[in-house]
Amino acid sequence: VMNDIIGTMFSKPFMDELLKPQQLYSHRTVKTVLTRLAHTSIMRLNPASMDRLYELMIMAFKYQVFLCPRPKDLLLISYNHIDTIREFVKDTPVVVNQVDETHRKIIEVYSCLSEGEFQLLRQTLLIFFQDMHVRVSLFLKNQVQNPNGRFALSTSGPVPHGGDVPGLIRTFDSKGREVRRSEFPTGGSYTSPIREGSFDLHGDRVIRLGMNMYTVNYPEDTHTSKALSAKTDNTPNLLAKEELNLLARLMGSMKAENMPKAEPTFQINLFTADLEEEAGVSGAAEESLFGVINIQAMQDEQAASELARIAGQFAEQEEQPENSSSNKGDDLLAMMDDL
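By the naming in an unreviewed UniProt entry, the protein chain is Protein OSCP1, taken from Nibea albiflora.

Here's what the structure looks like:
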């Protein structure tokens, strides 16, 4: 699957068209291109999964552009992506050659741009991402994204390459000689810039943006999961599952007043997006307390027929008179029909 997708994405006709000077694509066009690239292999995604994949891709790239130390580092982020893609297809020499050729073209086109042109590129990308505030559980868990979907900028860490640590004001006279120095609080903890990353075909990019965000281990999450797993009883409750299956068929309600407190609690997830959003807010620790049963919230013929039968029984009960022995007159609508 990866070889087919990468081979199509890095094909010469597609990359030649993509690298031409042109206006930025719309969201609809980018999503169409992504869908066609994903479907060039045997893999097929339904529209809902494709929407979630597109939103995840957009928010991940927005995060990288948003936290880019300096505009020129957009190239280093792109080179990190290309280096990772090269590792995916390292056993297929034909596709590796396509990736290398595309990498050389990107170096040729973009390495000669000025700092102002890179700044214009960054601002154009940020305009493209504007008003996109989809919450991602990974970002929420790492506290780089607020619950409203906006990213949180850090006020600490190394400054961009070529810049000075803020906090110092130097005053010069008309001859260019420094006459006075003063300091001001920066509101953060800044350090000197680290070495510059390699802009060559191969090398150390230094910057971590553009790397796989899911390969990072978080000790606090692992420790919490282990502590909770020791207390949780993993024995399945067959009776509870049968009741939930009935709930899925009838879409009714189940009273949990008489449930024993020792029994594990079940969480009903009608939509996969809800589980992902709740995971970001409450954390992975809370998820391990629940046995989650997914219910497909789509119209089902059996459920629809069952609901129609129940509704019909209610209608028949309403049509029966409250007191059959005493007839106090016809209904108002029946009287109007007689007129």
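That shown, we press on.
Our next topic: helix H5 (residues 73-88). Its 16 residues give H5 an end-to-end C-alpha distance of 23 Å, which sits within 8% of 22 Å, the value for a rise of 1.5 Å per residue. Elements in contact with the buried residues of H5: helix H1 (2-9), helix H4 (47-66), helix H6 (93-110) and helix H7 (115-129).

Evaluation of the coordinates by the stated rule reveals six aromatic pairs. Taken together, a centroid distance of 5.5 Å and an interplanar angle of 45° make the contact between Tyr63 and Phe151 tilted. Here Tyr63, found in helix H4, pairs with Phe151, found in the loop between helix H8 (137-141) and strand E1 (156-158); they are 88 residues apart in sequence, far enough to count as distant. Judged on exposure class, the residue Tyr63 and its partner Phe151 are both buried. Taken together through their ring pairs, the aromatic side chains of Tyr63, Phe66, Phe139 and Phe151 make up a single cluster.

We now examine the pairing of strand E2 (residues 168-172). As defined by bridge partners, E2 adjoins strand E3 (residues 178-183) across five bridges and the pair is classed as antiparallel. The residue bridging Thr171 from the neighbouring strand is Arg180, located in E3.

Here we take up the packing of H4 against H7. Two numbers describe how H4 lies on H7: the axes approach to 10 Å, and their chain directions differ by 145°. Note that H4 runs across H7; the crossing there is left-handed. Contacts from Tyr54, Ile58, Phe61, Lys62, Val65 and Phe66 of H4 reach H7 at Arg122, Leu125, Leu126, Phe128 and Phe129. In terms of residue class, the contact of H4 with H7 is made up of nine nonpolar, no polar and two charged.

Across all of its chains, the model carries 13 salt bridges by this definition. The closest approach of N and O atoms between Asp100 and Arg86, which form a salt bridge, is 2.8 Å. Of this pair, Asp100 sits in helix H6 while Arg86 sits in helix H5, and the two are 14 residues apart along the sequence. Of the two residues, Asp100 and Arg86, neither departs from the other in class, the shared state being buried. Ionic pairing is found between Glu178 and Arg181, a salt bridge with its closest N-O pair at 2.3 Å. Each of Asp83, Arg86, Asp100 and Arg205 takes part in one network of salt bridges that share partners.

This next bit is on the nonpolar core. Judged by nonpolar contacts, the single largest core of 40 residues is most densely connected at Ile6, Met59, Tyr79, Val99 and Phe139. Elements supplying a minimum of two residues to this core: helix H3 (27-38), H4, H5, H6, H7 and H8. Non-local contacts of Tyr79, meaning those with residues more than four positions away in its chain, are made with His103, Ile106, Ile107, Ser198, Phe199, Asp200 and Arg205.

With respect to the helices and strands, Thr155 occurs in the loop between H8 and E1. For Thr155, a relative accessible area of 40% puts it in the partly exposed group. For Thr155 and Tyr190, which are 35 residues apart along the polypeptide, the C-alpha to C-alpha distance reads 7.5 Å. Leave out the neighbours within four places in its chain, and Thr155 touches Gly187, Gly188, Ser189 and Tyr190.

Turning our attention to the packing of H5 against H6. Relative orientation of the contacting elements H5 and H6 amounts to 170°, with a least axis distance of 10 Å. Between H5 and H6, the crossing angle belongs to the class labelled roughly antiparallel. Counting all contacts with H5, which are made through Leu75, Tyr79, Ile82, Asp83, Ile85 and Arg86, the residues of H6 involved are Val96, Val99, Asp100, His103, Ile106, Ile107 and Tyr110. For the contact of H5 with H6, the per-class residue count stands at nine nonpolar, one polar and three charged.

Each value, and the rule that gives it
Residues numbered from 1 in each chain as written. Predicted model: local features only at pLDDT ≥ 70, side-chain atom pairs only at ≥ 80, totals over all residues. Heavy atoms only, no water. Helix = DSSP H or I, 4+ residues; strand = E, 2+ residues; numbered from the N terminus. Expected span 1.5 Å × (residues − 1). Contact = heavy atoms within 4.5 Å. Phe/Tyr/Trp six-rings, centres within 6.5 Å; stacked < 30°, edge-to-face > 60°. Buried < 20%, exposed > 50% of the residue type's maximum accessible area, 1.4 Å probe, protein only. Pairing = 2+ DSSP bridges. Axes fitted to C-alpha atoms, helices over the stretch in contact; angles between N-to-C directions. Left-handed = near helix turned anticlockwise from the far one by under 90°. Nonpolar A, V, L, I, M, F, W, Y, C, P; charged D, E, K, R; others polar. Salt bridge = Lys/Arg side-chain N within 4 Å of Asp/Glu carboxyl O. Core = buried A, V, L, I, M, F, W, Y, C linked by side-chain atoms within 4.5 Å. Parallel < 35°, antiparallel > 145°, perpendicular 65-115°, else oblique.

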